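# Survey of secondary and tertiary structure
Each chain, letter by letter, is given below.
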Amino acid sequence: MKKETMPEALRIMYRIRLFEEHAKKMHKENLLAGNFMGALHTYIGEEAIAAGVSMLLNKDDYVFSTHRGHGHFIAKGGSIKKMLAELMGKEAGCSSGRGGSMHLFDTEINFMGGNGIVGAGLPLATGAAYRAKYLKTKQVSVCYFGDGAASQGTFHESLNLASLWKLPVIFVCENNCYAVNTPVSETICIKDVAQRASGYGMPGEAVDGNSLSDVYTAAEKAVARARDGAGPSLLECKTYRIDPHCMVAGDMRKKEEIDKWKERDPIKLSEKWILNEGIAGPDDLRKIREEVAEEIKEAEQFALSAPLPDRKKFREEAMDIDGSKGALK
Ligand SMILES: Cc1ncc(C[n+]2csc(CCOP(=O)(O)OP(=O)(O)O)c2C)c(N)n1
Ligand SMILES: [Mg+2]
């Protein structure tokens with residue numbers, strides 16, 4: 001990873017962290033009043049993955065996300081104003097207030113959606129990669145998914161077809177050790193999800209998902225392979241989710257385990273690396289953080305003052321589920 005790009009990647013990580021810290025607070029204060037829509041799954045502790053991968057992507061490359069997608073959206077260049085408005089169910093939200101946290105969508109940056117269905121992004125990303133190959137567009141398609149999703153049938157079907165047809169897709173497994181409260185040791189019978197790649201004839205690599213440079217280096221190979229027409233790769237990023245599964249779920253994990261992982265906070269590791277290498281000084285990092293905090297404040301003002309969707313239109317849409325009455329246009 002080029003040293004001079006590190007502070008920009010750190011800016012993305014700050015943006016994700018500060019956004020989510022803020023969203024958590026707003027969720028707590030507003031959920032019961034009905035001003036905040038649905039569940040909130042945070043990415044805190046996993047930021048290096050989206051930041052490291054997205055640094056390699058072009059605006060028109062596809063990203064398919066999960067129920068834990070704020071970080072993926074921000075790293076792809078999504079607007080935090082539009083995302084916060086979405087979380088509050090506002091018309092100005094990136095999905096016009098109809099999707100909430102789990103259904104972020106923005107075709108301007110080819111962010112092809114979060115997904116409340118675990119494992120549903122894999123075939124979609126494979127399909128987008130098929131399109132890119134068919135039309136020779138040189139776009140790559142990235143699919144983020146969790147360790148839980150890695151045992152869905154969609155994982156196996158998608159990897160098989162992607163490899164068979166040499167599609168430009170990168171399967172990024174965010175192995176955060178748990179699917180809700182079920183540890184990965186109780187769902188997967190081999191050490192690394194990445195080992196499964198060999199069954200589908202593609203490269204598979206397991207890396208430290210809390211290390212920005214390790215993620216970047218592995219993703220660089222996978223993106224180059226996809227762009228060169230050589231086919232897909234499976235990249236497993238070992239990480240840990242610091243918060244409970246979502247903001248309304250109980251947590252059965254041990255405090256000592258969580259505290260141990262906090263010592264390997266990807267943001268702290270990146271800051272340390274940048275400072276040790278002399279790429280930037282403490283004042284530079286403080287300035288980036290302050291600028292990001294300012295962006296979040298502006299996003300809050302925007303989201304709070306944005307209007308809710310028109311109720312009549314909303315109801316018409318709900319009744320016109322197949323779009324045959326034209327309400328969805
Ligand atoms: C098909 C399907 N099965 C079950 C669920 C309920 N569910 C929501 S999130 C989740 C855990 C997913 O774990 P993982 O894929 O590891 O992602 P993580 O939450 O750890 O990021 C489950 C089981 C669902 N939403 N969709
Ligand atoms: Mg998981």
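The coordinates are above.
The structure reproduced in this document is the subject of the present report.

Cut-offs applied
Residues numbered from 1 in each chain as written. Chains lettered and ligands numbered in written order. Predicted model: local features only at pLDDT ≥ 70, side-chain atom pairs only at ≥ 80, totals over all residues. Helix = DSSP H or I, 4+ residues; strand = E, 2+ residues; numbered from the N terminus. Buried ≥ 20, exposed ≤ 12 C-beta atoms within 10 Å, placed from the backbone. Core = buried A, V, L, I, M, F, W, Y, C linked by C-beta atoms within 7 Å. Contact = placed C-beta atoms within 7 Å. Axes fitted to C-alpha atoms, helices over the stretch in contact; angles between N-to-C directions. Parallel < 35°, antiparallel > 145°, perpendicular 65-115°, else oblique. Left-handed = near helix turned anticlockwise from the far one by under 90°. Nonpolar A, V, L, I, M, F, W, Y, C, P; charged D, E, K, R; others polar. Pairing = 2+ DSSP bridges. Right-handed = clockwise from strand over helix to strand, strands pointing away.

## A short note on unusual backbone geometry
Positioned with a positive phi, Asn110 is a non-glycine residue whose angle comes to about 50°. One can find Asn110 in the loop between helix H4 (80-87) and helix H5 (121-134). We note that Lys138 has phi near 70°; this positive angle belongs to a residue other than glycine. With respect to the secondary-structure elements, Lys138 resides in the loop between H5 and strand S2 (141-146). On the neighbour-count criterion, Lys138 (15 C-beta atoms within 10 Å) is partly exposed.

## Observations regarding the nonpolar core
Counting 82 residues, the largest nonpolar core has Val142, Ile170 and Val172 as the members making the most contacts within it. By residue number, the principal contributor to this core is helix H1 (residues 6-30), which donates nine residues. If near-sequence neighbours (up to four positions away) are discounted, Val172 is found in contact with Ile49, Val53, Val142, Cys143, Tyr144, Leu235 and Cys237.

## Things to note about the packing of H1 against helix H10 (residues 282-305)
Contact geometry for H1 and H10: axes closest at 9 Å, N-to-C directions at 40°. In terms of axis orientation, H1 runs oblique to H10. With respect to the hand of their crossing, H1 and H10 are arranged in right-handed fashion. Within the contact between the two elements, H1 uses Pro7, Leu10, Arg11, Tyr14, Arg15, Leu18, Phe19 and His22 and H10 uses Asp284, Ile288, Arg289, Val292, Ala293, Ile296 and Glu300. A breakdown of the residues in the contact of H1 with H10 according to their chemical character gives nine nonpolar, one polar and five charged.

## Comments concerning the sheet that holds strand S1 (residues 62-64)
If you trace the five strands from one edge of the open sheet to the other, you get S1-S2-S3-S7-S6, paired in parallel fashion. Looking along the sheet, the strands with just one partner apiece sit at the ends: S1 and strand S6 (204-208). Direction aside, the axes of adjacent strands within the sheet are offset by 20° on average. In terms of strand pairing, S1 meets S2 through three bridges, oriented parallel. What sits directly across from Val63, in S2, is Val142. Seen against the sheet, helix H7 (residues 212-227) touches strand S3 (169-175), S6 and strand S7 (233-238) and runs at an angle of roughly 170° to S7.

## Digging into the pairing of S6
Sheet analysis places S6 next to S7, joined by five bridges and oriented parallel. Bridging across to S7, Ala206 finds its partner in Glu236. Between the parallel pair S6 and S7, the chain is carried across by H7, and the sense of this crossover is right-handed.

## Some words on the pairing of S3
Consecutive residues of a regular strand have side chains that alternate between opposite faces of the sheet. The element S3 is largely enclosed, with a buried count of seven among its seven residues. Neither face of S3 is open: one carries Val169, Phe171, Cys173 and Asn175, the other Ile170, Val172 and Glu174, and all of them are buried. Here S2 pairs with S3 via six bridges, running parallel. Its bridge partner being in S3, Phe145 is matched across the sheet by Cys173. Following the backbone out of S2, through helix H6 (residues 153-164) and into the adjacent parallel S3, one traces a crossover that is right-handed. Of the pairings in the sheet, the one linking S3 to S7 comprises six bridges and is parallel in character. Across the sheet, the residue bridging to Glu174 is Cys237, located in S7.

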